[in-house]
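# Structure assessment
Now for the letters of each chain:
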Amino acid sequence: MANIPKTMKAIRLHEYGGDYRFHDDIPVPSNLDDYEVLIAIKSAGFCHTEMLVRDGIFKAKQLPLIPSHEPTGIIVAMGTKVSNEFKLGDRVGALNLSHSCGQCPDCLNGKPLYCEDFNATGITIDGAFAEYQKADSHWLVPLPDEISFEQGAPLMCAGATVFNAIERCALKKGEILAIVGLGALGHLAVQFAKCMEFKVVAIDNRPEPLELVQNLKYSPDLTIDSSQIDATNAIEQINTLQSITTPKNYPGADVTLVLTDPIVAYTYALAITKKHGTMVVVGQPREPIQIEFRDLIFRDITVKGSLLSSIESARRMVKFVAKHGIQTEIKTYSLEEVPNKMMEDFHSANMKGKLVVNVSL
Ligand SMILES: [Zn+2]
Ligand SMILES: [Zn+2]
């Protein structure tokens, strides 16, 4: 602990709608709670949710705020009640939850993920675009040696979110999962689903992400450019994946997983979801999703959302990534590059994969 400096480099958001600013004199977090650890950050991912915070749709407890909720690094200090499964020097990542209330129905029923009175690092309290970050040890994810810090960072939100969402789909091997939106989450979802032995249809309306997933080690069974192929034709292509075409099978995908925001993506996903199938919502569109009663009543489609991940699912996920050698397509930056170079790339139309900041690699 003697080596921990008093000040650190960090990125801060000072006002909603404003630009990020780089600082080199921010106080290192101190006064750990009993269950907290201090992580010396190695790498930290930039998530789509960051823009919702920047625009004030998700509100911080106070500004300025250090963004990023995808940290990996090394434990350098620990509160007195942290579980002995963790020790100083451990390589870890952390989900963004912190200090769930412990008293609401969800906390009392073992679902603290749904607590409405918690903090979230990088969203309501300071996050990982800094040399040090406090984290609630209940949400720590041990990082297997096979996974580098920069590869581990995107798993803490993007990876955890899609792995949990796919687990919640409850598909059987050989069933068809259509993944709509092939950004950072989508290209991980394709790999997870292939390794789980589902048939995977990857859908986007941009050529770059479609090309990216076709070149993955675990590539989809079918890619569809939704800017060229309408839902009716997409269903015909999806049907070619049905190994046994029996009269018992309805056309379309067993489950559609929507990982993007435009409303047209939900309309398309719903249209290609098989009768009695499920559409899982992970994107966070700013407009309401349109659903016809016919889809719910006569086609018996189930629509459900999926929030981040339980800690158990996240810990399974990193082991799964290590076992299968799943890779995230990343583009790396320094902390100093966040306000300008990284943000320019984030807003460029042909952005693909995941933006990761190497804080101290
Ligand atoms: Zn996120
Ligand atoms: Zn609670």
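Residues numbered from 1 in each chain as written. Chains lettered and ligands numbered in written order. Predicted model: local features only at pLDDT ≥ 70, side-chain atom pairs only at ≥ 80, totals over all residues. Heavy atoms only, no water.

### Observations concerning the coordination of the zinc ion (ligand 2)
Stated precisely, the cut-off is as follows: Donor criterion used throughout: N, O or S atom within 2.8 Å of the metal, extended to 3.2 Å for Na, K and Ca. Water excluded; incomplete-looking sites may result. For a four-donor site, all angles between 85 and 135 degrees give tetrahedral; for four or six donors, opposite pairs above 155 degrees with the remaining angles between 65 and 115 give square planar or octahedral; all remaining cases count as irregular. Think of it in three bands: with a 1.4 Å probe and only protein chains considered, a residue is buried below 20% of the maximum accessible area for its type, exposed above 50%, and partly exposed in between.
Around the zinc ion (ligand 2), the protein supplies Cys-101 (SG), Cys-104 (SG), Cys-107 (SG) and Cys-115 (SG) as donor atoms, at distances of 2.3 to 2.4 Å. Relative to the metal, the four donor atoms surrounding the zinc ion (ligand 2) lie at angles of 105 to 117°, and the coordination shape comes out tetrahedral. Sequence spacing of the donor residues for the zinc ion (ligand 2), all on one chain, is C-x2-C-x2-C-x7-C. Cys-107 matches Cys-104 in its accessibility class, with the two residues each being buried.

### A few points about the packing of aromatic side chains
Applicable threshold: Centres within 6.5 Å make a pair out of two Phe, Tyr or Trp rings, where for Trp the six-membered ring is used; the pair is then stacked when the planes are under 30 degrees apart, edge-to-face when over 60, and tilted otherwise. Each helix corresponds to a stretch of at least 4 residues labelled H or I by DSSP, and each strand to a stretch of at least 2 residues labelled E; elements are numbered beginning at the N terminus. Counted as over-ring charges are cases with an Arg CZ or a Lys NZ within 6 Å of the ring centre that also lie within 35 degrees of the ring normal.
Going through the model one piece at a time under the given rule, you end up with seven aromatic pairs. On the basis of an interplanar angle of 10° and a centroid distance of 6.1 Å, the ring pair of Phe-46 and Phe-129 is categorised as stacked. With Phe-46 in strand 3 (residues 36-46) and Phe-129 in the loop between strand 7 (119-120) and strand 8 (132-136), this residue pair connects regions lying 83 residues apart in the sequence. Neither Phe-46 nor Phe-129 differs from the other in exposure class; each is buried. Aromatic side chains Phe-192 and Phe-320 sit 6.1 Å apart centroid to centroid with 65° between the ring planes, which places their arrangement in the edge-to-face category. Separated by 128 residues along the polypeptide, Phe-192 in helix 5 (residues 184-195) and Phe-320 in helix 10 (residues 311-324) bring together distant segments of the chain. Across the pair, Phe-320 and Phe-192 agree in class, each one buried. Taken together, the aromatic side chains of Tyr-20, Phe-46, Phe-129 and Phe-346 make up a single cluster linked through ring pairs. In this arrangement the basic side chain of Lys-59 is found over the ring face of Tyr-16, its NZ or CZ atom lying 5.1 Å from the centre. Here Arg-91 stacks its cationic end above the ring of Phe-149, 4.4 Å away from the centre of that ring.

### Here's the deal with the coordination of the zinc ion (ligand 1)
Only Cys-47 (SG), His-69 (NE2) and Cys-157 (SG) from the protein coordinate the zinc ion (ligand 1), and they sit 2.0 to 2.1 Å from it. Each donor residue of the zinc ion (ligand 1) belongs to the same chain, with the gaps between them written as C-x21-H-x87-C. Residue Cys-47 is found in the loop between strand 3 and helix 1 (49-54), and its partner Cys-157 is found in the loop between helix 3 (149-152) and helix 4 (158-169); the two are separated by 110 residues along the sequence. With relative accessibility at 6%, the residue Cys-47 sits in the buried group.

### Describing the pairing of strand 13 (residues 253-258)
Put simply, the rule reads: Between any two strands, at least two bridges found by DSSP are needed for them to pair. Here, the term right-handed applies to a crossover whose path from the first strand over the helix to the second runs clockwise when the strands point away from the viewer.
The buried fraction of strand 13 is high, at six of six residues. Sheet analysis places strand 10 (residues 176-180) next to strand 13, joined by four bridges and oriented parallel. Residue Val-180 lies in a different strand from strand 13, and its bridge partner there is Val-258. Across five bridges, the pairing between strand 13 and strand 14 (residues 273-281) is parallel. Paired with Val-255 across the two strands is Thr-278, which belongs to strand 14. In the classification by handedness, the crossover that spans strand 13, the intervening helix 8 (residues 263-272) and the parallel strand 14 is right-handed.

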